[in-house]
Amino acid sequence: MWDAETYDLVSSIQEAWGRKVINWRVWQGNENVMDAGCGTGRLTKVLAQKVPAGMVYGVDIDRNMIEVAARNLKDIGNVMLIESDISSAKLPAKVDVIFSNAAIHWIQDHQGLFENFWQLLGSNGEIMIQCGGHGNLGNIISILDGIRHRDEFKRFFTGWQESWYFANPEETSRLLQDIGFKDIEAYLTEDSATLGNRNSFALFAKTVVMKPYLARLPDQELKDKFLESFLNEIESNHKSRCWVMDYVRLNIRAKK
Ligand SMILES: C[S@@+](CC[C@H](N)C(=O)[O-])C[C@H]1O[C@@H](n2cnc3c(N)ncnc32)[C@H](O)[C@@H]1O
């Protein structure tokens, strides 16, 4: 489960990415939209403002996220929140746009996901997606992996499998093409983010990028130790680019 309260506070980086994706489209104002993996609804709200005569379905698998989204969006009439896996979600009506930001790299089976998106879209519907792409967080992950292999932690990481799937544009284009999508665009952008200081980096890291690692550790003392080791490693080895998340985003746009 996500710490949705903290995510809501620290996710201005994700919100900025998502706002750019929303601006890829010239909105008519009456579209039905799915926000796939809507989190706490910060971008669902922006979408709802773009389509005052349409409807936005915010879908997320995590109950904490849906609860905070419900609070954030309580005054917005054209939003419906649905707690569901976006790979199998059903919606009350076909949608014109499926938007997704910083979410689908948490899903390994992109073929199944895009097949479901195909079913949910009306004719001429489009997908507008940004997620972690090939090479995302390469530096951060190599530091985290170094720490999880240390003697004090390694017994908690047996059978470890990467939680994320950072696809590359070529395989994404091929998948979409095979399903039947047209006008496919898929490309990577480097979009590193710098956090202000050790504390803000720590809060962001433990809420977002360290989530799968910390979830393996059985108590708070071990989690704190793992976090401290990570921060010390970053500070000592990366002085020139301290408190940087080396993000690489995969941008995906295609039509049904
Ligand atoms: C980093 S958050 C991004 C939230 C929001 N889109 C944003 O940009 O702030 C990733 C979200 O994807 C959701 N998610 C991950 N896998 C999912 C799945 N299979 N179905 C639905 N939501 C999923 C998580 O619960 C989480 O809320």
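Before reading further, recall that the structure is shown in the block above.
Residues numbered from 1 in each chain as written. Predicted model: local features only at pLDDT ≥ 70, side-chain atom pairs only at ≥ 80, totals over all residues. Heavy atoms only, no water.

Q: Help me get a handle on the packing of helix 8 (residues 198-207) against helix 10 (residues 220-237), residues and values and all.
A: Interhelical geometry of helix 8 versus helix 10 gives an angle of 130° and a closest axis separation of 11 Å. With respect to helix 10, the element helix 8 is oriented oblique. The interaxial crossing formed by helix 8 with helix 10 has right-handed handedness. Counting all contacts with helix 8, which are made through Arg 198, Phe 201, Ala 202, Ala 205 and Lys 206, the residues of helix 10 involved are Leu 227, Glu 228, Phe 230, Leu 231, Asn 232, Ile 234 and Glu 235. Broken down by class, the residue content of the contact of helix 8 with helix 10 amounts to seven nonpolar, one polar and four charged. (Axes fitted to C-alpha atoms, helices over the stretch in contact; angles between N-to-C directions. Helix = DSSP H or I, 4+ residues; strand = E, 2+ residues; numbered from the N terminus. Parallel < 35°, antiparallel > 145°, perpendicular 65-115°, else oblique. Left-handed = near helix turned anticlockwise from the far one by under 90°. Contact = heavy atoms within 4.5 Å. Nonpolar A, V, L, I, M, F, W, Y, C, P; charged D, E, K, R; others polar.)

Q: An account of the nonpolar core is requested, with residue identities and associated values reported.
A: Within soluble globular proteins, side chains that are nonpolar tend to cluster in buried spots. With 42 residues, the main nonpolar core has Ile 140, Phe 201, Val 209, Met 210, Phe 226, Phe 230 and Met 245 as its most contacted residues. Elements that contribute at least two residues to this core include exactly helix 1 (4-10), helix 2 (12-22), helix 4 (63-72), helix 6 (138-148), helix 8, helix 9 (211-214) and helix 10. In terms of residues, this core owes the most to one element, helix 10, which gives six residues. Sequence-distant contacts of Phe 230, defined by excluding residues within four places in its chain, comprise Ile 140, Ile 143, Leu 144, Ile 147, Phe 201, Ala 205 and Met 210. Ranked by size, the runner-up nonpolar core spans 28 residues in total, among them Leu 91, Phe 114, Ile 179 and Ile 252. (Core = buried A, V, L, I, M, F, W, Y, C linked by side-chain atoms within 4.5 Å. Buried < 20%, exposed > 50% of the residue type's maximum accessible area, 1.4 Å probe, protein only.)

Q: Quick rundown of the site of the ligand? Include the residues and the values.
A: For the ligand, the set of nearby residues contains 19 residues, the closest of which are Tyr 7, Gly 37, Asp 60, Asp 85 and Asn 101. Contact between the ligand and Gly 37: a nitrogen atom at 2.7 Å from a main-chain N or O atom of the residue. Asn 101 places a side-chain nitrogen or oxygen 2.8 Å from an oxygen atom of the ligand. Surface burial for the ligand is 94%, taken as the share of its 590 Å² of free accessible area covered by protein chains. Assessed atom by atom at 2 Å from the grid points, the ligand resides in the largest pocket. (Near = heavy atom within 4 Å. Polar contact = N/O pair within 3.5 Å; in protein donor to acceptor, adjacent residues only side chain to side chain. Areas by Shrake-Rupley, 256 points an atom, 1.4 Å probe, with all protein chains shown as cover. 1 Å grid on protein atoms, 1.4 Å probe; cavity = no way out; pocket = protein on both sides within 12 Å on 5 of 7 lines; lining within 4 Å. Sits in = over half its atoms within 2 Å of the grid points.)

Q: Describe in detail the state of the cysteines, supporting the description with residues and values.
A: The full count for this structure, using the stated rule, is zero disulfides. Unpaired in this structure, Cys 131 has its nearest cysteine sulfur neighbour in Cys 38, at a distance of 17 Å. A relative accessible area of 0% means that Cys 131 is categorised as buried. (Disulfide = S-S within 2.5 Å.)

Q: Give a detailed account of the layout of surface pockets, specifying residues and quantitative values.
A: Once rolled over the atoms, a probe with the size of a water molecule shows which space is left empty. Taken as a whole, the largest pocket spans an internal volume of roughly 620 Å³. Lining the largest pocket are 37 residues; nearest its centre among them are Trp 2, Gly 37, Ala 102, Ala 103 and Trp 106. Put simply, the parts of the chain that give the lining of the largest pocket at least two residues each are helix 2, helix 3 (42-50), strand 2 (55-60) and strand 4 (95-101). The leading source of residues in the lining of the largest pocket is helix 2, at three residues. (Points joined across faces, edges and corners; volume = space filled by probe spheres on them.)

Q: Could you give an account of the packing of aromatic side chains, naming the residues involved and the relevant values?
A: Tallying each qualifying case throughout the model produces 15 aromatic pairs. Judged by centre distance (5.3 Å) and plane angle (70°), the ring pair of Trp 2 and Trp 106 falls under edge-to-face. In this pair, Trp 2 is assigned in the segment before helix 1 and Trp 106 in the loop between strand 4 and helix 5 (110-120), connecting sequence segments 104 residues apart. With a relative accessible area of 15%, Trp 2 lands in the buried category. Judged by relative accessible area, which is 26%, Trp 106 ranks as partly exposed. Ring plane angle 85° and centroid distance 4.7 Å describe the contact between Trp 17 and Tyr 247, whose orientation is recorded as edge-to-face. Residue Trp 17 is located in helix 2, and its partner Tyr 247 is located in the loop between strand 8 (244-245) and strand 9 (248-255); the two are separated by 230 residues in the primary sequence. For the residue pair Trp 17 and Tyr 247, the accessibility class agrees, reading buried in each case. Between Arg 25 and the ring centre of Trp 27, over which it is positioned, the NZ or CZ distance is 5.3 Å. (Phe/Tyr/Trp six-rings, centres within 6.5 Å; stacked < 30°, edge-to-face > 60°. Lys NZ or Arg CZ within 6 Å of the ring centre and 35° of its normal.)

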